[in-house]
Amino acid sequence: MEQNFNLYHIFYTVAKCKNISGAARELYISQPAISKAISKLEQNLNVSLFLRSSRGVTLTESGKLLYRQVETAFMAITQGEEQLLRIRKLGMGHLSIGVSTTLCKYVLLPILKPFVKMHPHIQISISCQSSHETMEALENGTVDIGLVGIPEPMEKLAFLPVMEIQDIFVTTRTYLDHLKERIPTGSHLCARTVLAESTLMLLNKENLTRQYVDRYLTQENLSASRMIEVTSLDLLIEFAKIDLGIACVIRDFVREELDSGHLVQLKLPVSIPRRQVGFAYPKGNAIPETVRKFLAFFETSACQTPSQTRQMP
């Protein structure tokens, strides 16, 4: 194939230059070598490609037909090379990210904003889905990278920590006051009693956060009389703010409500263990260049502002 390509390249150049001497200068090879290559191609195709004269060469009908096809092919190659050079020069590419709605809003967007500013030619697509779905997408190769709360140890995926998060239970003072009125007189008002008599609001059971919290509740033998399940952390926060019950949320994402007093944190017998959130991506050397750029950008920015990215207080 390589030999045929060279023959077609010589044919294409001779046809453009309309003489062998010009083609020889452009290709930096001798005129006899040009003539020999044309003769070999004509023998291979069993046709005459050029009419030769003292003024140069002209294409035969067969030569014109072949030239049109070869010209299209070489133009496509040239355009491909130009596109590759442009992609490399501008840093173009595509990055697909899987992330839950909550982590997208509170963690990913603050990272993406400066990254997009630095790499405006990288096209980014975001799949807002559960962390479980993101893990499956990573294993299936349908997303390049995922922002997830770390589950059980991962064998096929690498994990780069972004921050530690703390799951807590929150409600309003009004809800607690009303709850006190419903609790039988003489009962000890502790977190266990409050939870047992309350409406507990959690993410749905398919969510990795919910599964993490369920393991904690089982381990600590905690339960509630009623339960509301939703698909969004933002909804849990809003439901808690209207005195609907006690919601399990991430402390870092309700800091403003806690500081203002719109929500209060329920003190638990044993705190829910902190857990890590980070970027998961396939192991190995065949990591897309856009993923490498994104990870390098994050690690550089995390080193510059560790308190904002690695661990929120």
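Whatever comes next refers back to the structure up there.
Described below are features of the structure shown in this document. Numbering of residues starts from 1 in every chain and runs along the sequence as written. With the structure being a predicted model, the display of local features is reserved for residues of pLDDT at least 70 and the display and counting of side-chain atom pairs for 80 or more, all residues being used for whole-chain, interface and lining totals. The side-chain numbers reported here are obtained from all heavy atoms of the structure, hydrogens and water having been left aside.

**Focus: the overall build of the chain**
Rules: Numbered from the N terminus, helices here are DSSP runs of H or I no shorter than four residues, and strands are runs of E no shorter than two. The contact criterion used is simple: two residues touch if any of their non-hydrogen atoms lie within 4.5 Å. The method behind every accessible area is Shrake-Rupley, applied with a 1.4 Å probe, and residues are considered shielded solely by the protein chains displayed.
For the chain, the helix and strand inventory stands at 13 helices and 12 strands. Sequence separation of 24 or more characterises 72% of the internal contacts of the chain that already satisfy a separation of 6 or more. By element, 52% of the accessible surface of the chain is carried by carbon and sulfur atoms, the whole surface being about 18,100 Å².

**Remarks on the packing of aromatic side chains**
To keep things clear, this is the line we draw: Note on aromatic contacts: the rings of Phe and Tyr and the six-membered ring of Trp form a pair at centre separations within 6.5 Å, being stacked when their planes are under 30 degrees apart, edge-to-face when over 60 apart, and tilted otherwise. For every residue, the accessible area obtained with a 1.4 Å probe (protein chains only) is divided by the maximum for its type, and the residue is called buried under 20%, exposed over 50%, and partly exposed between those limits. For a Lys NZ or an Arg CZ to count as sitting over a ring, it must be within 6 Å of the ring centre and within 35 degrees of the ring normal.
Following the criterion strictly, the structure yields nine aromatic pairs and no others. Relative to Phe-50, the ring of Phe-11 lies with its centre 5.5 Å away and its plane at 50°, an arrangement referred to as tilted. Linking Phe-11 in helix α1 (residues 2-17) with Phe-50 in strand β1 (residues 50-53), this pair joins segments that are 39 residues apart in sequence. On the basis of an interplanar angle of 20° and a centroid distance of 5.7 Å, the ring pair of Tyr-12 and Tyr-67 is categorised as stacked. With Tyr-12 in helix α1 and Tyr-67 in helix α4 (residues 61-90), this pair connects stretches of sequence that are 55 residues apart. Tyr-12 sits in the buried class, given a relative accessible area of 12%. Among the aromatic residues, those joined into a ring-pair cluster are Phe-115, Phe-279, Phe-294, Phe-297 and Phe-298. A cation over an aromatic ring shows up here: Arg-275 above the ring of Tyr-212, its NZ or CZ 5.2 Å from the ring centre.

**Notes on the sheet that holds strand β4 (residues 122-128)**
Counted only if it meets this: DSSP-based pairing: two strands are paired if at least 2 bridges between them are found. What counts as an axis is a line fitted to C-alpha atoms, over the stretch in contact for a helix, and the angles between N-to-C directions run from 0 to 180 degrees.
Here we have five strands laid out as an open sheet, ordered β4-β3-β5-β12-β6, and mixed in their pairing. Two strands in the sheet have a free side with no partner beyond their single neighbour: β4 and β6 (157-165). Strand-to-strand twist of the sheet, defined as the mean angle between neighbouring strand axes without regard to direction, takes the value 20°. Across seven bridges, strand β3 (residues 93-99) lies against β4 in parallel orientation. Across the sheet, residue Gly-98 finds its bridge partner in β4, namely Ser-127. Here helix α5 (residues 101-118) sits on the sheet in contact with β3, β4, β5 (145-149), β6 and β12 (275-282), set at roughly 175° to β4.

**Digging into the pairing of strand β9 (residues 226-230)**
The criterion, for reference: Handedness is read with the strands pointing away from the viewer; a crossover is right-handed when the path from the first strand over the helix to the second is clockwise.
Here strand β8 (residues 199-203) runs beside β9; their pairing, made up of five bridges, is parallel. Paired with Leu-200 across the two strands is Met-227, which belongs to β9. Crossover connection from β8 via helix α9 (residues 208-219) to parallel β9: handedness right-handed.

**Overview of the nonpolar core**
We count it as follows: Working definition of a nonpolar core: buried Ala, Val, Leu, Ile, Met, Phe, Trp, Tyr and Cys residues. They are joined through side-chain atoms within 4.5 Å.
One finds Leu-108, Ile-145, Leu-147, Val-249, Phe-279 and Phe-294 to be the most contacted residues of the largest nonpolar core, which totals 44 residues. No other element matches α5, which puts seven residues into this core. With near-sequence residues (within four places) excluded, Phe-279 lies in contact with Leu-108, Ile-111, Ile-145, Gly-146, Leu-147, Ala-158, Phe-159, Leu-160, Val-162, Phe-294, Leu-295 and Phe-298. Grouped together as the second largest cluster of nonpolar side chains are 22 residues, Ile-10, Phe-11, Ala-24 and Leu-49 included.

**Topic: the state of the cysteines**
Applied cut-off: Disulfides are defined as pairs of cysteine sulfur atoms found within 2.5 Å of each other.
For the structure on display, the rule yields zero disulfides. Note on Cys-128: no disulfide assigned, nearest cysteine sulfur contributed by Cys-104 at a separation of 4.3 Å. Note on Cys-128: relative accessible area 48%, which makes it partly exposed.

**Some details on helix α6 (residues 131-140)**
Keep this limit in mind: The arc in question is traced by the directions running from the helix axis to the C-beta atoms.
Among the residues of α6, those classed as buried are Ser-131, Thr-134, Met-135, Ala-137 and Leu-138. Buried residues of α6, seen end-on, are gathered within an arc of 160° and therefore sit on one face of the element. Turned more than 90 degrees from where α6 packs its buried face, Glu-139 and Asn-140 sit exposed. Two residues or fewer after α6 comes Gly-141, characterised by a positive phi angle close to 80°.

**With respect to the environment of His-132**
Residue position: His-132 is located in helix α6. Contacts of His-132, omitting those with residues within four sequence positions, involve Glu-206 and Leu-208.

**Overview of the pairing of strand β7 (residues 167-171)**
Across the five residues of β7, five count as buried, placing the element largely inside the fold. Alternating residues of β7 divide into Asp-167, Phe-169 and Thr-171 and Ile-168 and Val-170, and every residue in both groups is buried. Sheet topology places β7 next to strand β10 (residues 246-250); four bridges connect them, and they run antiparallel. Across the sheet, residue Val-170 finds its bridge partner in β10, namely Ala-247. Bridge count for β7 against strand β11 (residues 264-265) is two bridges, and the pairing is antiparallel. Along β11, the bridge assignment pairs Thr-171 with Val-264.

**A few points about the pattern of salt bridges**
How we decide: By convention in these notes, a salt bridge is any Lys or Arg side-chain nitrogen within 4 Å of a carboxyl oxygen on Asp or Glu.
Enumeration over the complete set of coordinates arrives at 11 salt bridges. One salt bridge in this structure joins Glu-42 and Arg-52, with 3.5 Å as the shortest N-O distance. Taken together, the residues span a long stretch of sequence, with Glu-42 in helix α3 (residues 31-45) and Arg-52 in strand β1 at a distance of 10 residues. Between Glu-238 and Lys-241 there is a salt bridge whose closest N-O contact spans 3.5 Å. Pair noted here: Glu-238 and Lys-241 are both in helix α10 (residues 233-241), with a separation of three residues, about one helical turn.

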